[in-house]
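Residue-level structural notes
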Amino acid sequence: MKRKPRTVIVTGAAGTIGSAISRAFAENGDFVAVVDLDGERATRTAGNISGETGGEAAGFGMDVTDEHEIRRLVQHLTSERGGVDVVVNNAGLQHIAPVEDFPTDRWNHLLNVMLTAPFLLIKHAVPVMKRQGFGRIINIASVHGRTASPYKAAYISAKHGLVGLTRTVALETAEHGITCNAVMPGVVDTPLVRNQLRKLSEADGISEEEALHKHLLHKQALKRFIKPEEIAGCCLWLASETAASVTGEAIGVSGGW
Ligand code: NAD
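Description of the structure in this document. (Residues numbered from 1 in each chain as written. Predicted model: local features only at pLDDT ≥ 70, side-chain atom pairs only at ≥ 80, totals over all residues. Heavy atoms only, no water.)

Here we come to the sheet that holds strand E3 (residues 56-61). Strand order in the open sheet made by the seven strands is E3-E2-E1-E4-E5-E6-E7, with parallel pairing throughout. Among the strands making up the open sheet, the edge pair consists of E3 and strand E7 (250-253). In this sheet, neighbouring strand axes are inclined to one another by 20 degrees on average, regardless of whether the strands run parallel or antiparallel. Looking at chain direction, strand E1 (residues 7-11) and strand E4 (residues 86-89) are connected through three bridges and run parallel. What sits directly across from Val-10, in E4, is Val-88. Helix H3 (residues 67-81) contacts E1, strand E2 (31-36) and E3 of the sheet and is inclined by roughly 155 degrees relative to E3. The strands that helix H5 (residues 153-173) touches are strand E5 (135-140), strand E6 (178-185) and E7; relative to E6, the one it contacts most, it runs at about 160 degrees. (Pairing = 2+ DSSP bridges. Helix = DSSP H or I, 4+ residues; strand = E, 2+ residues; numbered from the N terminus. Axes fitted to C-alpha atoms, helices over the stretch in contact; angles between N-to-C directions. Contact = heavy atoms within 4.5 Å.)

Here we take up the pattern of salt bridges. Taken as a whole and assessed by the stated rule, the structure comprises nine salt bridges. A salt bridge links Arg-6 to Asp-30, with the nearest nitrogen and oxygen atoms 3.0 Å apart. Here Arg-6 is found in the segment before E1, whereas its partner Asp-30 is found in the loop between helix H1 (16-27) and E2, with 24 residues between them in sequence. Both residues of the pair, Arg-6 and Asp-30, count as buried. In this structure, Arg-23 engages Glu-52 in a salt bridge whose closest nitrogen and oxygen atoms are separated by 2.8 Å. Separated by 29 residues along the polypeptide, Arg-23 in helix H1 and Glu-52 in helix H2 (residues 39-53) bring together distant segments of the chain. Judged by its relative accessible area of 27%, Arg-23 is partly exposed. Here Glu-52 falls in the exposed class, since its relative accessible area comes to 55%. Several salt bridges share partner residues, and in doing so they unite Asp-189, Arg-194 and Glu-208 into one network. (Salt bridge = Lys/Arg side-chain N within 4 Å of Asp/Glu carboxyl O. Buried < 20%, exposed > 50% of the residue type's maximum accessible area, 1.4 Å probe, protein only.)

The element E2 is largely enclosed, with a buried count of six among its six residues. Side chains Phe-31, Ala-33 and Val-35 of E2 all project onto a buried face; the interleaved residues Val-32, Val-34 and Asp-36 project onto the opposite face, where all are buried too. Where E1 meets E2, five bridges bridge the pair, whose relative direction is parallel. Residue pairing in the sheet places Val-10 in a bridge with Val-34 of E2. What joins E1 to E2 is H1, and the crossover it makes is right-handed. As paired strands, E2 and E3 are joined by six bridges and run parallel to one another. Looking across to E3, one finds that Phe-31 is bridged to Glu-56. (Right-handed = clockwise from strand over helix to strand, strands pointing away.)

If you want it as structure tokens, here you go:
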């Protein structure tokens, strides 16, 4: 029997990992709200996903740190589609600087996008999920949610906080058929990583390839980039019926880091 398409929100979904996650859910027969700050890319990504997978996706240009917009999105999907089944908090960005030089406005912005925004989407989606008696919340943290590297104070603080938020929400929602888990990717070849490699290579006076091994891959057993599809596969499983008893976990897709 064909199951009803679930309604899935993916944030930062025009980016590398977010678009792979969106594609995986669309291929699985779900409807995906492709949410990104860059509205044009969100719409284009949704169009490509629909065209190539035959699945359903729609682009939403919005800033996930804006509570008003988050509330509107959840209300819109609830009235148009009957609810929100899966939320993937994926939007993110990086800023590299020694802690004593870290600009306070960048600190605030990174924490807003990677910790406050997931809190906001969870806050507004949970009442809908409770009414449904079903929900899957997936927070894209990082291996930097359980370990640290120099010059990434805001990113690492946000990702550690996101793991704490995940565990708290899991405890509060378990008896309503809702699970909440974090996925901790290792290094994926995306603009977010390429930008930091450029800065690290300039700071150390070495090539980007050398910076990749010195700062990132030397800590990892597999010695290769993680594929966005590998992160997406983990999300799809966490949203599945067979993962119903997995909650409050922070799962590495890290290549052994
Ligand atoms: P990316 O730069 O390709 O995508 C990030 C997306 O987030 C962009 O499309 C951007 O427009 C969007 N975004 C940023 N601020 C936003 C806002 N305020 N509102 C809405 N959208 C916003 O980066 P990526 O590497 O695909 O990262 C996705 C997630 O994976 C991030 O949370 C990142 O921390 C995490 N992650 C990435 C890696 C990696 O190696 N690339 C490793 C671990 C974790």
